[in-house]
Amino acid sequence: MKITDIKATTVTVPLAAPLRHANGCHWGRFVRTIVEVETDEGITGLGEMGGGGESAEAVFRAMKTYLVGRDPARLEEMRFLIANPTASLYNNRTQALAALEFACLDILGQQWGVPVSEILGGRLQDRVPFASYLFFRYPNPKDGSGETRTPDQLVAEARELKARYGFTSHKLKGGVFAPEYELECYHALASALAGDRFRFDPNAVWSTEQAIWFGQAIEDIRNDYLEDPVLGLSGMRRAREKLRMPLATNTVVVNFEQLAANILDPAVDVILLDTTFWGGIRPCVKAAGVCETFQLGVAVHSSGELGIQLATMLHLGAVIPNLSFAADAHYHHLVDDIIEGGKFEYEDGAIRVPTAPGLGVKLNRDKLAEYSELYQRLGSYPYDQDPLRPGWTPLVPNNRWADPADDRSPQIPF
Ligand SMILES: [Mg+2]
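Quick caveat, the model's predicted, so the values are computed rather than measured. (Residues numbered from 1 in each chain as written. Predicted model: local features only at pLDDT ≥ 70, side-chain atom pairs only at ≥ 80, totals over all residues.)

Observations regarding the overall build of the protein chain
When helices and strands are tallied, the protein chain shows 12 helices and 15 strands. Expected size for 414 residues packed as a compact globule is a radius of gyration near 22 Å; at 21 Å, the protein chain falls within 12% of this value. Taken along its principal axes, the extent of the C-alpha atoms in the protein chain is 60 × 50 × 40 Å. Looking at the protein chain residue by residue over its 414 residues, the buried ones come to 50%. Counting only contacts in the protein chain whose residues sit at least 6 apart along the sequence, the fraction spanning at least 24 positions is 74%. (Helix = DSSP H or I, 4+ residues; strand = E, 2+ residues; numbered from the N terminus. Rg over C-alpha atoms; globule rule 2.2 N^0.38 Å. Buried ≥ 20, exposed ≤ 12 C-beta atoms within 10 Å, placed from the backbone. Contact = placed C-beta atoms within 7 Å.)

Structure follows, in structure tokens:
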């Protein structure tokens, strides 16, 4: 079998409400690039990458000169062909490689009549549990719904998600407001949902001393881990000396070199594997193997996925034996998806791993066209800007926090 064509289409899919984070905001939607790899046997594989637009589509157009005529089964060779580590000084194509790996695994699964999880070693579980992934949110610009700014709003949002989807692990994305205020919110959440498990992620915008203060103040909570409280392996190592809970990262251990450094001089206890950041599902499986050897914890990271990437997270979560935490997903914040059959459904806080051949998802062409047109109308948005604070630049460590009394609603295209 040979690759005959590669197509990339940028889409933007609305969220229920804009999601606030330490660097800015998801302005009410995600922008993603949907990749289709075609073959001479009529099988098409699907991939997905974060971000989009002309530059992202051009990256995949350029990959045609590398990959057309190649066998999609030669995945290890493809890594060196388009993301050779010595050439990556000039061409960082890790995320493009990931999208193409997803698509090639999808092709192979379809050709061999097996789900991708079977190619990766076989399912150890049929459903992958997920955490609720709570954000501070601006109101929906159209109808004013969905604001999450106060402890009461946060607790109400968490209760609603738990009732609707069955989550028993809750992740709060912080780094938006001063840590004292976010501590109040996190405590309110933990006492309202006593018996559940919790995790907090300020996206590494605290000083080491703030991280230690916050970490010591949440010891009474049943924490899965404290995620990226401070930037860098050295900062994490200093915080870890003073904290009595696991530290996790999706920021400073995102490749094998960093994983090795973390094993030789430990700074992080739990590695959040991201099928995009690591360059595919297979590198994540390999990294999980290293973590198993050294008894590091493993979880699945979310970088704002639609259904294709969610399928990669499900196949990953199904095959790694040391997945000891619920996975993260932004997915429940989306109002729609571009796959056939609509959005994946949660059952008791978990999502069933697809069992159809390949990734187990197909494109809904009408939805792809609808959200491609929406992207053409709205364009991209600055992920690292806050729509209500023009001119704001967050520092690391940050001290330019948002004001929790500010109840304005951003007027942004939606
Ligand atoms: Mg994180």
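Description of the domain arrangement of the protein chain
The assigned domain composition of the protein chain is domain 1 (3–114 + 365–378) and domain 2 (118–352). Between the C-alpha centres of domain 1 and domain 2 the distance comes to 24 Å. Contact residues are listed per partner, giving 38 residues for domain 1 and 36 residues for domain 2. For the side of domain 1 that touches domain 2, the secondary-structure elements that each account for two or more residues are β1 (3–14), β2 (19–21), β3 (24–26), β4 (29–39), β5 (44–50), α2 (75–83), α3 (94–112) and α12 (365–378). Looking at the side of domain 1 that touches domain 2 element by element, the count peaks at 9 residues for α3. (Domains from an automatic or database assignment.)

Notes on the sheet that holds strand β7 (residues 134–135)
In space, the 7 strands of this open sheet follow the order β7-β8-β9-β10-β11-β12-β13, with parallel pairing throughout. With partners counted over all chains shown, the strands left at the sheet margins are β7 and β13 (297–300), one partner each. Lying on the sheet, helix α6 (residues 179–192) is in contact with β8 (169–173) and β9 (197–201); it crosses β8 at an angle near 165°. Against the sheet, helix α10 (residues 281–294) touches β12 (270–273) and β13, its axis set at about 170° to β12. (Pairing = 2+ DSSP bridges. Axes fitted to C-alpha atoms, helices over the stretch in contact; angles between N-to-C directions.)

Considerations on the pairing of β4
Burial analysis of β4 places 9 of its 11 residues in the buried class, the great majority of the element. Bridge count for β1 against β4 is 11 bridges, and the pairing is antiparallel. Residue pairing in the sheet places P14 in a bridge with R29 of β4. Note: β4 against β5, 7 bridges, orientation antiparallel. When the bridges of β5 are listed, V37 appears paired with G45. Following β4, the chain reverses through 4 residues before pairing antiparallel with β5; G42 in that reversal takes a positive phi of roughly 80°.

A few points about helix α5 (residues 151–165)
Here α5 spans 21 Å end to end across 15 residues, near enough to the 21 Å set by a 1.5 Å rise per residue. The set of residues buried in α5 consists of L154, E157, A158 and L161. Along the long axis of α5, the arc covered by the buried residues comes to 95°, so they all point the same way. For α5, exposure combined with an orientation more than 90 degrees from the buried face picks out D152, E160 and A163. Residues of α5 that are buried in the fold lie against β7, β8 and α6. (Expected span 1.5 Å × (residues − 1). Arc of directions from axis to C-beta.)

So, the environment of Q153
Mapped onto the secondary structure, Q153 falls in helix α5. By the C-beta count within 10 Å, which is 15 here, Q153 ends up partly exposed. Separated by 233 residues in sequence, Q153 and D386 place their C-alpha atoms 20 Å apart. Among all residues touching Q153, those that are not within four sequence positions of it are E147 and T148.

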